[in-house]
Amino acid sequence: MNAAPTVSWPTDGLSFGGDYSPEQWPREVWDEDVRLMREAGVNLVTVGVFSWGLLERSPGEYTWGWLDDVLDLLHANGIAVDLATPTAAPPSWLLRAHPEVLPVDRDGTRQHPGGRLGWCPDSPVFREHARRIVDAVAERYGKHPAVRLWHVSNELGGGNARCACDASVAAFRVWLRQRYGTIDAVNAAWGTAFWGHTFTDFDEVSLPRGPRNGAPNPGLFLDAERFSSDSLLAHYQLEKAAIEVHSDVPVTTNFMVGAASQVVDYADWAKHVAIPANDHYTIVDDARREQDLAAAADRMRGITAGRRPWLLMEHSTGGPSWQERNRAKEPGEILRNSLAHVARGSDGALFFQWRASTAGAEQFHSAMLPQAGTRTRVWREVTALGRAMQALAPVQGSTVEPARVAIVVDEASGWAMQTGLKPHRALRYARELRAWHRAFFDRQVLTDVVPLDADLDGYDVVVLPTLLIVDDTAAARLAAVVDRGATLVVTYLSGVADEHARIRTGGYPGAFRDVLGAWSEEFTPLQRGERWSLDDGETVTDWAEAVVVEDAEVVLAYTDGPLAGRAAVTRRAAGGGAWYVAAALADDSIQRLVDRIVEERAVPRTVTGPPGLEAVRRVGRDGSAFLSLVNHRADPVTVLASGTDLLDGSGHGPETVVPAGRVRVLREEPVS
Amino acid sequence: MNAAPTVSWPTDGLSFGGDYSPEQWPREVWDEDVRLMREAGVNLVTVGVFSWGLLERSPGEYTWGWLDDVLDLLHANGIAVDLATPTAAPPSWLLRAHPEVLPVDRDGTRQHPGGRLGWCPDSPVFREHARRIVDAVAERYGKHPAVRLWHVSNELGGGNARCACDASVAAFRVWLRQRYGTIDAVNAAWGTAFWGHTFTDFDEVSLPRGPRNGAPNPGLFLDAERFSSDSLLAHYQLEKAAIEVHSDVPVTTNFMVGAASQVVDYADWAKHVAIPANDHYTIVDDARREQDLAAAADRMRGITAGRRPWLLMEHSTGGPSWQERNRAKEPGEILRNSLAHVARGSDGALFFQWRASTAGAEQFHSAMLPQAGTRTRVWREVTALGRAMQALAPVQGSTVEPARVAIVVDEASGWAMQTGLKPHRALRYARELRAWHRAFFDRQVLTDVVPLDADLDGYDVVVLPTLLIVDDTAAARLAAVVDRGATLVVTYLSGVADEHARIRTGGYPGAFRDVLGAWSEEFTPLQRGERWSLDDGETVTDWAEAVVVEDAEVVLAYTDGPLAGRAAVTRRAAGGGAWYVAAALADDSIQRLVDRIVEERAVPRTVTGPPGLEAVRRVGRDGSAFLSLVNHRADPVTVLASGTDLLDGSGHGPETVVPAGRVRVLREEPVS
Amino acid sequence: MNAAPTVSWPTDGLSFGGDYSPEQWPREVWDEDVRLMREAGVNLVTVGVFSWGLLERSPGEYTWGWLDDVLDLLHANGIAVDLATPTAAPPSWLLRAHPEVLPVDRDGTRQHPGGRLGWCPDSPVFREHARRIVDAVAERYGKHPAVRLWHVSNELGGGNARCACDASVAAFRVWLRQRYGTIDAVNAAWGTAFWGHTFTDFDEVSLPRGPRNGAPNPGLFLDAERFSSDSLLAHYQLEKAAIEVHSDVPVTTNFMVGAASQVVDYADWAKHVAIPANDHYTIVDDARREQDLAAAADRMRGITAGRRPWLLMEHSTGGPSWQERNRAKEPGEILRNSLAHVARGSDGALFFQWRASTAGAEQFHSAMLPQAGTRTRVWREVTALGRAMQALAPVQGSTVEPARVAIVVDEASGWAMQTGLKPHRALRYARELRAWHRAFFDRQVLTDVVPLDADLDGYDVVVLPTLLIVDDTAAARLAAVVDRGATLVVTYLSGVADEHARIRTGGYPGAFRDVLGAWSEEFTPLQRGERWSLDDGETVTDWAEAVVVEDAEVVLAYTDGPLAGRAAVTRRAAGGGAWYVAAALADDSIQRLVDRIVEERAVPRTVTGPPGLEAVRRVGRDGSAFLSLVNHRADPVTVLASGTDLLDGSGHGPETVVPAGRVRVLREEPVS
């Protein structure tokens, strides 16, 4: 089911705030917290994420007082609460009594206490304890007026995905039995005859385990990933059901959606979440981190089918502490990051966390209120952001203008591509997704990053970056976009395998051979440092194929190397064109292809600006339009756009200048 | 024993084919397989390698029908069968019932099911089950007319070497007791007084285990390697004996002989194998991979003492899937690779595998019949190769012309050199072997790569590359070649330790000090990036020594660095010259030394061509000579050679032109 | 307690010798050993380190004869013995009977026999056996005239630090209970509310374990390190007490003090060791290894408060074998290394080891008597060193001239800095220590490298390199040096956290904000390869901060990058100046700052020479002064200094020339 759009948003206007952990501070600090939250314009905080051990200090005995006080204090100050179930951290007494709930890595090592999510989602013992505490919390606070959103656990899968404990193995066998019926169906699906791994009983099947499993059966591996995702989803649903007994407030859980391969299938999960929420952290060492952010936000919009509001649940005001070198954000970057998420569909911008902790594993993680206090640039930027979020209240409830370009991603392809013996083992799933998204991003052409089962009817251009795993039905749906006149761009490794990760024979990319009018005999990955030239003057690295052209134009061909004279990119003249990109192209090559496609299909640019100018339009139910212009460049940019900047009230038109590093959000009305 | 040369070759003419796994495909595909095999000229396929779980679906209950059909079908089509015992993959029910048969790594982790060779060769339980299935298979098919060769298991040691389970530890103690008699003899051999590890009972001894064993006792480590090799050999012999109860067909097992250090001592094993077979895969990223192939083939010839035919059991038509970037072979490379093996003594060329699998761990491994089918370059090259193999039928049964140069390799030295605390821990055993072999290879001078116990009488030049471990007897035999007038080339690290890996005192290289007339006080490995100059204009990297010259000519000396003025290479004027190469020389330095030696000793070149032209002659019992000329270069090569090219029937002489990338096999008869 | 200076030195004059392992050699070699020791001038050898298994071949049954003979032989030849308790290597029978004494790594793997120190210091079983053998050895040899020093075990912690076995966990809980009293005090100290790790019972607390503990609670981690150090110290004290029942001879144990972070807190240990001893090995690949050596020696002097003699127990004549490329020392380097230690306070120079072993893990480790024997450069240099040590007899008992500069190091800061989620995870604790020490070293300005609790009254300059962990008391003591007129140099990351590793709020570097008159809002680590420019023309790498200057001069400021115009180094004009170095400076920048400080404070240089000339003065009780001049350069150096060179008797003055690579030790008396 797709949740109805009737879900009430937890705040008036956009949500602004972050994780709040009063339990880490003495009572007197709470009053300062609330005072500073009001100063900063905070209207929503997440409470209780790691509080299980404090709420239930022994089994079934609850200590509610401090949390009662926190909720009352926040409510009295007009700050809404996103109340978390505390299951992200089992209490120490539970782990002592039942160490078997701790997850077991695939190499056979059981986690020790001290991390996050130290529990296996398949553990019956843990499920029983989790249900009890969630029930108790929901019963106590289900009607509390401060509580405007429920937050199930925290980043499920971030620590407890892929558990390989005995309980998980048992659950996996049940899952397989339900999916396949007979063990011979499993043998057939996985092709276990290879290496002689034929099973005669479900009880012979295990999850991938052990150091020798660098080369697992691809079908087993893929199903193990699906199972892990399903187990975690089942746990989410267990908690959600326990909450809904006591409360009508919407339920969410925070995803970790990015451009990379994920541990769970969020596109599937999103169907079960009232207000999908996401955590996104930029990577300091990523030279195009603003585009990584945009791709993540476009993917959040993709998994909500663009029609539901979503919420940026966590991002940061500076360095996290889990990267190698956690640098502060550049001046203005906090605002650019937050408003870029809003531009792409988030109805809020929350941070991890409100007040920087002084102890614990993440003691060096940045926060809204830094360790250095309020006399800081970060605090000034946070309060400025709070004012901006208030000024953007009219944007809440509007939706992002429909995109004409879709980029299709699917977890199964990510999982399958990055494991086991591959033609090129160092390729990451995010590579082509990022590369193609960037080319549109730098032309101010909006893309939806959509799941494999998305409705593609509205798109003029559909891009499949390394979509390795496709079943016959999906393959037919994707190919059909050409029949109805759209453009299809298929990159290398797409369609090569079926839903069981079995390779399609007869030439690559199996599922798309016919629609492309071209196919490959062989993969020819390039070695480290190797480059072959194309006739557009650029070079190919990492990936090439021996393409056979049957019914297509050769768009790019090799001018040297063992494939000299053969095609690297082809285009079949059907519908809006069916492109096969059979090589890992340079950014400039991809840009030229995207420019040609955008021009051929007359795909509109939101505005016309230089690379690094981000432009997205949201449209309200009343037809009002909000044009966000985020200038990531070091120089000012002038674009054809008119309206009143909600952030500073200034009027612009027919041209608008966006200063270097700044953001404008124009309510698009002609200026007199 | 050396097998008598009376073994009947499994095919008429050279063998051509590959691993065939009909159990991975529906019955209808089998007919296509056989039709295409005939089209390609296939005359030998390996069947049954991973079929245990299909043949014996529960203990002692056999399902023979499908394999009966396969053998009958092949036989009806004139295709011989190399029938494998199916022990490479224990059935799932066996691993479920007896997980203790799975090998245990030295870090203490027991393998999980899902790989290959998931069994410990010291497991009594596994041995019992293995003997039963081998007996059953041999009984059923021992007289089947299709079966022309037995193939014991698969790549023994490739997954189950160095098992450190309790059964292996117990077996190791028995092995030690047999070898040493008393525990004090073990203490003495290993020098356990160091670090206070004196044993008082055999039961205190274990195999090297645990993460702290980066610094094991060198004697213990070396004996553990010997024991592991012996255990695997004992398993081979167990299977061989079970087969021979029912069958007179020759027995083989596929080795993994290359230029690098191996997990088992193939020189020892070869004595027990009727038709030694080898698997060889080129490394895409190796710029001289054709020379790596030649070195491997020369080593196969070395361990069969050059007198017995051997068989290339596996190579590939393109990328395997276990390298980082598995590139397709270059046009013509399949033919060059196959015929280079034949030139160097293989009486056939088989591939892994016939038809590319679509599932399983190696689903991206290349095959004779690619996933893209017969409309492919690979299929065209495979069928061309099949025609070439047929044309080369006269070569079968001939032997390679005797070499005048021997390069001595020994597993003990490889094992000892690459483990534990060493003067230079990053040096690999293959380094000097490859470097010296290359210098002869690039001059078309044939080398035998022979084991330590080889008969050296026929050689004019004997090279010892980093032969670290030598007992007194071997040292005397090696030094004696100088007495009889041959040339001895000893590189650094040779003769430094005895058979228990104890260092010989009195100056390095202990065992060869006298014959060389020079010795070293100290090792002086160079740091990363460091280079010292020699008076031949080249530089030394990685390894240098402080040489004391007593009775020798200084051939090369340092011109800078801490050893400036001291010798890097010396030559004692005795016999044909006794060279000490006390440094890791550049390729050009080695080439000049080899050129000098070849000239001094008048070692004949097979032909005189540029580097990259490979030339080897085989001679039939009737005196007919077959000169293989493999041109690995990008330009044509002209050499003085005459005869009829068996591949295309063309006549040549007195000069023969070998086009770029092509192969000629001349039956050397003057052309009129 | 600080040991009284009444400890009698084990030798007349300086000590010279090394580890001696006669048990590795037949009896006839012992006579040659003693003859060659006398030839070399050896007067002290360490005996018995790894002899437990030979002395006690079954529990409680002792075999003393061979050791009796060794001690008698040495004594008869006038060679003193440093007798080791043999606990570094438990006998094999003990490990067989009680495998639970073997340490367990934090990843849960129990060590296997075969390394060193294979026992947990918290094991009651091991303690019982250790006490018995130590008692027996001390009883037998406590009055033996050869024994002049006791050597407890060997490099305690080098293999058995951070044990995480169940016995250690139990002991850790006892340790915590003693330190904190209540579990809530632990919760408060560690801030366990973060990530919900609140404990309700001491039995819920464990040591950091498991692969997910890359992000342990910083307070838990720091206390675990303290506990490990305390456990090892307790073991030392157990052995010491057992010895002192039978012997009045002083007791030592060999530390592993270097410039880097250590596994135990030697500054604390040194208080319990009569003659602190150190093992130091140079790193071949360290371009300034002579300065690393100097820093280690200055730290040994720092932990003995400069008043007690210490002893260089181990160093090497060439490569050890545990580095990647173990190169021989350069000509003269042995002498330079040994005499540099003596110059900085060691009253001797011992080596690992006397005679090179031929077997065992360290068979390629260099020794005084090399494997190549006495016809070697190493032997010539060793005997020359022996003559030098004899010539330097007058130096024994003198003390190093008091330094005016102190560099403060503390293990807690090292432990905390290199673990867990940090702003910059690749920074090593030794980095700034080495960098600042080098700048003084290259100006011949002596520094004491002192522990946090050192008396700082005598110092004009106090440098705190990345002193992350400081409690309030220490912070006040350190700041107070400014009040009394000294100069304080505080680098980045200092004072950031308290004794529980909790971050001090209000701006970095929390504990030193006031004294510095400057503080930072945020850390801004630079990415790999990134460099920002300073107005001194140099660049900053790795670390920068956003400094707020309140009451300080800006000494260096950024000229580009995100901090352009902001301060990198500040100086508050109070006392002798309070410097904040808020960036990872280039060597040249640090040199200029040090030069300015040295000039401002008129800190005397021992002599005035170029970088690479090492100069240190020792002063006898009678006022005699010994000036060591070690020329690490490739050219001769001339300095203003007068006296008689004890090494060759030559007179010098008013200038002294030190030839390239040579050492002079002047008794500073005017030459007529």
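Refer to the structure printed above.
In short, a report on the structure. These numbers come from a predicted model, not from an experiment.

## Notes on the layout of surface pockets
Leftover empty space is mapped by rolling, across the atoms, a probe with the size of a water molecule.
Part 1 of the argument: Computed from the structure, the largest pocket encloses a volume of approximately 1400 Å³.
Part 2 of the argument: Class assignment for the residues of the lining of the largest pocket results in 19 nonpolar, 13 polar and 15 charged.

## Overview of the packing of helix α1 (residues 27–40) of chain A against helix α3 (residues 65–76) of chain A
All names here are of chain A.
Part 1 of the argument: Two elements in contact, α1 and α3, have axes whose closest approach is 11 Å; the angle formed by their N-to-C orientations is 25°. Compared by their axis directions, α1 and α3 come out roughly parallel. Here α1 and α3 pass one another in a crossing that is right-handed. For the pair formed by α1 and α3, the contact residues are Arg-27, Trp-30, Asp-31, Val-34 and Met-37 on the first element and Trp-66, Asp-69, Val-70, Leu-73 and Leu-74 on the second.
Part 2 of the argument: Of the residues contributing to the contact of α1 with α3, the split by class is seven nonpolar, no polar and three charged.

## Comments concerning the sheet that holds strand β23 (residues 578–581) of chain C
Residues and elements named next belong to chain C.
Part 1 of the argument: Judged by pairing direction, the sheet is mixed, and its seven strands sit side by side in the order β14-β13-β15-β16-β23-β22-β21 without closing on themselves. In this open sheet, the two strands that pair with only one neighbour each are β14 (447–450) and β21 (553–557). When the angles between neighbouring strand axes are averaged without regard to direction, this sheet yields 20°.
Part 2 of the argument: Direction of pairing for β21 relative to strand β22 (residues 567–572): antiparallel, over a ladder of four bridges. Within the sheet, the bridge partner assigned to Leu-556 lies in β22 and is Val-569.
Part 3 of the argument: Running at roughly 135° to strand β16 (residues 487–491), helix α15 (residues 472–483) makes contact with β13 (405–408), β15 (461–464), β16 and β23 of the sheet.

## Overview of the interface of chain C and chain A
Interfaces are frequently sized by the accessible area removed from exposure as the parts join.
Part 1 of the argument: Opposite the 51 residues of chain C that make contact, chain A presents 46 residues.
Part 2 of the argument: Taking both sides of the interface into account, the surface hidden between chain C and chain A amounts to around 4700 Å²; carbon and sulfur atoms contribute 54%.
Part 3 of the argument: Taken together, the links from chain C to chain A amount to eight salt bridges.
Part 4 of the argument: For Asp-542 of chain C, the salt bridge is made with Arg-325 of chain A, and the minimal N-O distance between the two is 3.0 Å.
Part 5 of the argument: Where chain C packs against chain A, one counts 22 residue pairs in polar contact (both at pLDDT 80 or more).
Part 6 of the argument: Of all the secondary-structure elements, those providing two or more residues to the side of chain C that touches chain A are α7 (183–190) and β17 (518–523) of chain C.
Part 7 of the argument: By residue number, the principal contributor to the side of chain C that touches chain A is β17 of chain C, which donates five residues.
Part 8 of the argument: Among the residues forming the side of chain C that touches chain A, the class breakdown is 21 nonpolar, 15 polar and 15 charged.

Rules used throughout
Residues numbered from 1 in each chain as written. Chains lettered and ligands numbered in written order. Predicted model: local features only at pLDDT ≥ 70, side-chain atom pairs only at ≥ 80, totals over all residues. Heavy atoms only, no water. 1 Å grid on protein atoms, 1.4 Å probe; cavity = no way out; pocket = protein on both sides within 12 Å on 5 of 7 lines; lining within 4 Å. Points joined across faces, edges and corners; volume = space filled by probe spheres on them. Nonpolar A, V, L, I, M, F, W, Y, C, P; charged D, E, K, R; others polar. Axes fitted to C-alpha atoms, helices over the stretch in contact; angles between N-to-C directions. Helix = DSSP H or I, 4+ residues; strand = E, 2+ residues; numbered from the N terminus. Parallel < 35°, antiparallel > 145°, perpendicular 65-115°, else oblique. Left-handed = near helix turned anticlockwise from the far one by under 90°. Contact = heavy atoms within 4.5 Å. Pairing = 2+ DSSP bridges. Buried area = accessible area lost by both parts, 1.4 Å probe. Salt bridge = Lys/Arg side-chain N within 4 Å of Asp/Glu carboxyl O. Polar contact = N/O pair within 3.5 Å; in protein donor to acceptor, adjacent residues only side chain to side chain.

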